[in-house]
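Architecture at a glance
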Amino acid sequence: MDKDFRRETVSRLRHLAQAFATNPREAARLVPEGLASYFEHPVDYDVDDSWELRLHQWLDVPWPCSERQAGQEVWNAVVREVQDRGLAFGRHTYGQYSDGDAALGRALWCTVRHTRPAVVVETGVARGVTSRIVLEALERNGEGHLWSVDLPHPFEPDLRAQTGIAIPAHRRSRWSYVEGSSRRRLPGLLRELGRVDLFVHDSLHTARNTRFEMERVGRVLAPGGLMFIDDISTHQGFADWVRGIARARTLICPSEDGEGLFGIVAPHPAGRAVRA
Ligand SMILES: C[S@@+](CC[C@H](N)C(=O)[O-])C[C@H]1O[C@@H](n2cnc3c(N)ncnc32)[C@H](O)[C@@H]1O
């Protein structure tokens, strides 16, 4: 057995033991995730350098975009607020998980402002950066609601107090926090909602979990609805799912810090994403 493999396996087992100690029901769901992740492989995507322009073409709105600057200002304010609490912002700041990235934040801001979704679902909250961006944009729209499915940090209970701290009380009226793994909570939520206009995956970035969430949301995504899938390059989940959808359009977008990729997919061929 090679040394790295052994170290990785020991670290996973230690994490799993911690998770079982705090939440056995959710920890049991991590076992198949952990096993499946041994069969993951990175995917070498062709990055679309003009993704922001192309996203706006999909949305059928002019570029340069009048909303982009407003989105950037909201983003800067959210980062400042997190830092003012004495917390580091960015990669691997919530255990092994990271705060949302600026490019993804901008893409979400513009999409919510231009498409005015009524029903937004996301998975993965951590401190709540992407949630906050969506909530600020919904507030400016004066309509819409966000449901966020989130398993608070499964391995580091001390971090749980930070869940959603980027979302102040006065921005919570359009927000429903659904606690638990997406595998446990997403299907019931989607049944209840019946339709999703916009989906954001930012939870457990394994091929198995990403495919599961995309498959479930894909069944109820409204015509013209979009999915934003973070951290797609470390596993084959996004590529696999998209390959199975005959006429899906995709954008492969670089994160602002250049360390990761997120994907945007319009699974339905039909026209505009814009509702209003
Ligand atoms: C990358 S962070 C989310 C970052 C957040 N969207 C932001 O912009 O700040 C991932 C989050 O998903 C949670 N998580 C991990 N596994 C999960 C699962 N199976 N289902 C739902 N949430 C999960 C983690 O505890 C963490 O809160």
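Worth saying up front: this structure is predicted, and the values here are computed from it rather than measured. Each chain has its residues counted from 1, running along the sequence as written. A pLDDT threshold of at least 70 governs which residues receive local features in this predicted model, and a stricter bar of 80 or more applies before side-chain atom pairs are shown or counted, although totals over entire chains, interfaces and linings include all residues. Hydrogens and water are ignored here; the side-chain numbers use all heavy atoms of the structure.

**Remarks on the overall build of the chain**
In this description a helix means any DSSP run of H or I spanning at least four residues, a strand means any run of E spanning at least two, and both kinds are numbered starting from the N terminus. Helix and strand content of the chain: nine helices and seven strands. It is over C-alpha atoms that the radius of gyration is taken, and the globule rule equals 2.2 Å times the number of residues to the power 0.38. A compact globule built from 276 residues would reach a C-alpha radius of gyration of about 19 Å, and the chain, at 18 Å, matches this within 12%. Taken along its principal axes, the extent of the C-alpha atoms in the chain is 55 × 45 × 35 Å. Residues counted as buried form 54% of the 276 residues belonging to the chain. A contact between two residues is defined here by any heavy atoms of the two lying within 4.5 Å. If you take every contact in the chain between residues at least 6 apart in sequence, the share linking residues at least 24 apart comes to 78%. Computed with a 1.4 Å probe, the accessible areas rest on the Shrake-Rupley method; for each residue, only the protein chains presented here act as cover. With the model as given, the accessible surface of the chain reaches about 12600 Å², and the carbon-plus-sulfur share is 50%. Side chains of the chain carry 36 positive and 37 negative charges; the gap between the two charge centres is 5 Å. Summary of the burial criterion: residues with accessible area below 20% of their type's maximum are buried, those above 50% are exposed, and those between are partly exposed, where the area comes from a 1.4 Å probe applied to protein chains only. A residue counts as positive if it is Lys or Arg and as negative if it is Asp or Glu; His and the chain ends are not included. Where a charge lies is defined by one atom per residue type: Lys uses NZ, Arg uses CZ, Asp uses CG and Glu uses CD.

**What about the site of the ligand?**
Near the ligand you find 22 residues, and of these Thr130, Asp150, Leu151, Ser182 and Asp202 are the closest. Polar contacts here mean pairs of N or O atoms no more than 3.5 Å apart (in protein, one a potential hydrogen donor and the other a potential acceptor; neighbouring residues in sequence count only if both atoms are side-chain atoms). Here Val129 contributes a backbone N or O atom positioned 3.2 Å from an oxygen atom of the ligand. Side-chain polar atom of Thr130 to a nitrogen atom of the ligand: 2.8 Å apart, as the coordinates give it. Relative to its free-state accessible area of 610 Å², the ligand is covered by the protein chains to the extent of 98%. Under the scheme applied, nonpolar residues are Ala, Val, Leu, Ile, Met, Phe, Trp, Tyr, Cys and Pro; charged residues are Asp, Glu, Lys and Arg; polar residues are all the others, including Gly. Class assignment of the residues belonging to the shell around the ligand gives a composition of nine nonpolar, 10 polar and three charged. It suffices for a single heavy atom of a residue to lie within 4 Å of a molecule or strand for the residue to be listed as near it.

**Side note on the side chain of Asp101**
Residue placement: Asp101 occurs in the loop between α4 (68-84) and α5 (102-115). Salt bridges are absent for the buried Asp101, whose nearest opposite-charge side chain, Arg91, sits at 4.6 Å. At a separation of 2.9 Å, a polar atom in the side chain of Asp101 contacts the main-chain amide nitrogen of Ala103. The salt bridge criterion pairs a side-chain nitrogen of Lys or Arg with a carboxyl oxygen of Asp or Glu, the two atoms within 4 Å.

**Quick notes on the pairing of strand β1 (residues 119-123)**
Burial runs high along β1: five of the five residues are buried. Because side chains alternate across β1, one face comprises the buried residues Val119, Val121 and Thr123, and the other comprises Val120 and Glu122, equally buried. Think of it this way: DSSP has to see at least two bridges between two strands before they count as a pair. Sheet analysis places β1 next to strand β2 (residues 145-150), joined by five bridges and oriented parallel. Note that in β2 the partner of Glu122 across the bridge is Ser148. Assessed by its sense of winding, the connection that carries the chain from β1 through helix α6 (residues 129-141) to β2 is right-handed. Strand direction decides the pairing type here: β1 and strand β4 (residues 196-201), joined by four bridges, are parallel. Bridging from a neighbouring strand, Thr123 pairs with His201 of β4. The definition of a right-handed crossover adopted here requires that, viewed with the strands pointing away, the path from the first strand over the helix to the second runs clockwise.

**What about the domain arrangement of the chain?**
For the purposes of this description, domain bounds are those given by an automatic or database domain assignment. Taken domain by domain, the chain consists of domain 1 (1-39) and domain 2 (45-266). Inter-centroid distance (C-alpha atoms) of domain 1 to domain 2 is 26 Å. If you look at the interface, domain 1 gives 13 residues, while domain 2 gives 14 residues. Around 1200 Å² of area is buried between domain 1 and domain 2 when both sides are counted, 56% of it from carbon and sulfur atoms. What gets called buried area is simply the loss in accessible area from a 1.4 Å probe that two parts show on being joined, summed for both. Among the residues of domain 1 in contact with domain 2, Glu26, Arg29 and Glu33 are the three that bury the most area, contributing 43% of the side total. Seen at the junction of domain 1 and domain 2, the total is three salt bridges.

**Some details on the nonpolar core**
Put simply, buried Ala, Val, Leu, Ile, Met, Phe, Trp, Tyr and Cys residues joined by side-chain atoms within 4.5 Å make one nonpolar core. Core analysis: the largest hydrophobic core is formed by 43 residues, its most contacted members being Trp51, Leu55, Leu226, Phe228, Phe262 and Ile264. At the level of secondary structure, the elements contributing two or more residues to this core comprise α3 (51-59), α4, α5, α6, β4, β5 (221-229), β6 (249-254) and β7 (261-266). When residues in this core are grouped by element, the largest group, eight residues, is from α5. With 26 residues, the next largest nonpolar core counts Val43, Phe199, Val220 and Phe238 among its residues.

**Observations concerning the pairing of β7**
The element β7 is largely enclosed, with a buried count of six among its six residues. Pairing between β5 and β7: three bridges, direction antiparallel. Directly across from Met227, in β7, lies its bridge partner Val265. With six bridges connecting them, β6 and β7 associate as antiparallel partners. From the neighbouring strand, Arg249 faces β7, where its bridge partner is Ala266.

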